[in-house]
Amino acid sequence: PGAQFSQLYDLDDTILDIENKMFTHRPDCFGQLGVARELAGIQGLPFESPDWYKNGSSFEGESSEAINGLGVTVEDPELCQRYMAVALDDISISARPAWLQSFFKRVGIRPINNVVDITNFVLHEIGQPLHAFDRSKIIGDQIVVKNAGAREKFLCLDEKERELNEGDIVIANESESMCIAGVFGGLHSGVSEQTTSLFLESAWFTPSSIRKTSMRLGLRTDAAIRFEKSVDISNVMFALQRAAALIVELAGGHISSEFLDIYP
C-alpha cells in the first residue's frame, strides 16, 4: 500500500517514437542498442555497452556440424554466411514476467509465449532476428539450410499455404521444410505449450534473397525487414547468447549443448 503503481510494475519509462525513415538504410539502428549508440554519438557522449554484450566479445563457438545428436548442414554458404545454434532442455512454457509483458505493450507487439517473446525482445533490443524450433519436431535429427524446391508448398504460422521457389532459403529437417529462412516460421515446428526442448538458431542470410522472398510472398515481417538491410554478422553471436541466457532465466531449463557456429 502506498507504492507507486508505475514503479511497482516497471512502467515509469519514457517512450521514444522515432520516425522510421530516419534509419531506412541504417540496419545498425533497427534495435534499441544501435539507436542508443547513435544518440550517444550525435551528442558526443560516451556509450557504455551492457555487460552481457561486452562479456560476449570473448566467446568462440564450436565449428563442428552437429549439436546434441542433430546434424547441421549449410548447403550454400553464400546464401547463409553464418549459422549459429544452441540446444536447451527442460524448458517450461509459461506466463511472461510483468516487465516483459509491459515491454511488448510499449512497442506494440502481441505477446505469444515466454520463449517466442524472448526472441522478439532480443530482436528489438539488438536488431538480430532469431528462431526457436521445438526439438521434438525435427524429423530425422537433421537441420539443413538450403534452397527450397521448385513450386514447393509450405504451411506458414498464419495457417496459410504459400508456394516457394528455388530462390527461397528454407530451414528443413530430413523430410520437410520447417521455416522460410529469415522471413516466416512454419505451423508445425514452432514452440507450443507442450514444448520442453529447443533448437535455437541465429543466422545471417543474404539480403537480396530475403528481400525477393519477402516481397514476392507479401510477408513483410520484422525479421525480413532487418535481414534485407544486412544485419551485423557479429550480432548473430551476441543475440544467441543473450536469448539463451534469458530463456534459462525466464523459462527454466538449461543449455544442453555447445554453441554451434558454422562461419566459413
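Residues numbered from 1 in each chain as written. Predicted model: local features only at pLDDT ≥ 70, side-chain atom pairs only at ≥ 80, totals over all residues. Heavy atoms only, no water.

1. Quick notes on the overall build of the chain
No. 1: Secondary structure assignment for the chain yields 8 helices and 13 strands.
No. 2: Relative to a compact globule of 264 residues, whose C-alpha radius of gyration would be 18 Å, the chain shows 18 Å and is just as compact.
No. 3: With respect to the three principal axes, the spread of C-alpha positions in the chain is 60 × 40 × 40 Å.
No. 4: For the chain, the residues scored as buried account for 48% of the 264 residues in total.
No. 5: Across the chain, contacts joining residues at least 24 apart in sequence account for 73% of those joining residues at least 6 apart.
No. 6: Counting 23 positive and 38 negative side-chain charges, the chain places the centres of these two groups 7 Å from one another. (Helix = DSSP H or I, 4+ residues; strand = E, 2+ residues; numbered from the N terminus. Rg over C-alpha atoms; globule rule 2.2 N^0.38 Å. Buried < 20%, exposed > 50% of the residue type's maximum accessible area, 1.4 Å probe, protein only. Contact = heavy atoms within 4.5 Å. Lys, Arg positive; Asp, Glu negative; His and termini not counted. Charge placed at Lys NZ, Arg CZ, Asp CG, Glu CD.)

2. A short note on empty space enclosed by the protein
No. 1: By the definition in use, this model includes 1 cavity of 30 Å³ or more.
No. 2: In this structure, the largest cavity encloses a volume near 30 Å³.
No. 3: The element contributing the most residues to the lining of the largest cavity is strand β5 (residues 142-147), with 3 residues.
No. 4: Tallied by class, residues from the lining of the largest cavity come to 3 nonpolar, 1 polar and 2 charged. (1 Å grid on protein atoms, 1.4 Å probe; cavity = no way out; pocket = protein on both sides within 12 Å on 5 of 7 lines; lining within 4 Å. Points joined across faces, edges and corners; volume = space filled by probe spheres on them. Nonpolar A, V, L, I, M, F, W, Y, C, P; charged D, E, K, R; others polar.)

3. Here's the deal with the environment of phenylalanine 154
No. 1: Structurally, phenylalanine 154 is set in strand β6 (residues 152-155).
No. 2: Sequence-wise, phenylalanine 154 and alanine 87 are 67 residues apart; in three dimensions their C-alpha atoms are separated by 25 Å.
No. 3: Excluding anything up to four places from it in sequence, phenylalanine 154 contacts Lys160, Glu161, Arg162, Leu164, Ser177, Met178, Cys179, Ile180, Phe184, Gly185 and Gly186.

4. Section: the environment of alanine 243
No. 1: In this fold, alanine 243 is placed in helix α8 (residues 235-251).
No. 2: Apart from the residues lying within four places of it in its own chain, the contact partners of alanine 243 are Ile118, Val122, Leu130 and Leu200.

5. Quick notes on the nonpolar core
No. 1: Counting residues in each nonpolar core, the largest one holds 73 residues, and the members touching the most others are Tyr83, Ile171, Phe199 and Phe205.
No. 2: The greatest single-element share of this core, amounting to 11 residues, is contributed by α8.
No. 3: Setting aside chain neighbours within four positions, we find phenylalanine 199 in contact with Ile67, Leu70, Val72, Tyr83, Ala85, Val86, His131, Ala132, Phe133, Arg135, Ile138 and Ile143. (Core = buried A, V, L, I, M, F, W, Y, C linked by side-chain atoms within 4.5 Å.)

6. Side note on the layout of surface pockets
No. 1: Of the voids in this model, the largest pocket is the one considered here, and its volume is about 1000 Å³.
No. 2: Forming the boundary of the largest pocket are 29 residues, of which Leu16, Ile18, Gln32, Val107 and His124 lie nearest the centre.
No. 3: Along the lines of polarity and charge, the residues of the lining of the largest pocket split into 15 nonpolar, 7 polar and 7 charged.
No. 4: Its boundaries defined by the atoms lining it, the second largest pocket holds a volume of some 850 Å³.
No. 5: Taken together, 34 residues form the lining of the second largest pocket, with Ile112, Val116, Asn120, His131 and Leu157 sitting closest to its centre.

7. Description of the packing of helix α5 (residues 114-126) against α8
No. 1: Across the interface, α5 lies against α8 with an axial gap of 9 Å and an inter-helix angle of 145°. Between α5 and α8 lies a crossing of right-handed hand. Contacts from Asn114, Val115, Ile118, Phe121, Val122, Glu125 and Ile126 of α5 reach α8 at Asn235, Phe238, Ala239, Arg242, Ala243, Leu246, Ile247, Leu250 and Ala251.
No. 2: Of the residues that constitute the contact of α5 with α8, the class distribution is 12 nonpolar, 2 polar and 2 charged. (Axes fitted to C-alpha atoms, helices over the stretch in contact; angles between N-to-C directions. Left-handed = near helix turned anticlockwise from the far one by under 90°.)

8. Points about helix α6 (residues 207-217)
No. 1: Listing the buried residues of α6 in full gives Pro207, Ser209, Ile210, Thr213, Ser214 and Leu217. Axial view of α6: buried residues confined to an arc of 165°, hence all on one face. Summarising the geometry of α6, the exposed residues directed more than 90 degrees from the buried face are Lys212 and Met215.
No. 2: Those residues of α6 that are buried are in contact with β7 (161-164), β8 (169-172), β9 (177-180), β11 (198-205) and α7 (222-227). (Arc of directions from axis to C-beta.)

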